[in-house]
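# Structural overview
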Amino acid sequence: ADDERPVLTAELPVAALDRDALGTALARLVAVCDLLLIDSARWLEPPGGRKGAWPPTPPASPTPLLERYADRLGELATAGSGPRGEEPDGPEPADTLGRP
């Protein structure tokens, strides 16, 4: 974005645009967002926020959109399917930005 915020987009050629192409693109975007949820929520949590209150526990099963297009998502279809509630390896996202 012009204001340097990260933006996740998908470009689809109009000539090939149909329900399945749009559904696949949306499923890919949702899958990527699911992968980034925990780190993003920790990074965006306001100072003095209630640790552990956000994000809510994700559902145990994928959404119908992800189920429908799972065969087209490749590694994204299973990337976030590990055990829930485990902390990701590596430094806290705030540490990677040089903030306390």
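Please refer to the structure placed before this passage.
To keep things clear, this report deals only with the structure shown in the data block. Nothing here was measured: the structure is a model prediction, and the numbers come from that model.

### Brief notes about the overall build of the chain
Scanning the chain from terminus to terminus reveals 4 helices and 0 strands. The linear arrangement of helices and strands in the chain, starting from the amino end, is α-α-α-α. A total of 100 residues make up the chain; the buried ones form 14% of that total. A total of about 8,000 Å² of accessible surface is found on the chain, and carbon and sulfur atoms cover 57% of it.

### Points about the nonpolar core
Among the nonpolar cores identified, the biggest contains 6 residues, and these are Ala27, Ala31, Leu66, Tyr69, Leu73 and Leu76. For Ala27, the contacting residues outside a window of four places in its chain are Leu65, Leu66, Tyr69 and Leu73.

Calculation notes
- Residues numbered from 1 in each chain as written.
- Predicted model: local features only at pLDDT ≥ 70, side-chain atom pairs only at ≥ 80, totals over all residues.
- Heavy atoms only, no water.
- Helix = DSSP H or I, 4+ residues; strand = E, 2+ residues; numbered from the N terminus.
- Buried < 20%, exposed > 50% of the residue type's maximum accessible area, 1.4 Å probe, protein only.
- Areas by Shrake-Rupley, 256 points an atom, 1.4 Å probe, with all protein chains shown as cover.
- Core = buried A, V, L, I, M, F, W, Y, C linked by side-chain atoms within 4.5 Å.
- Contact = heavy atoms within 4.5 Å.

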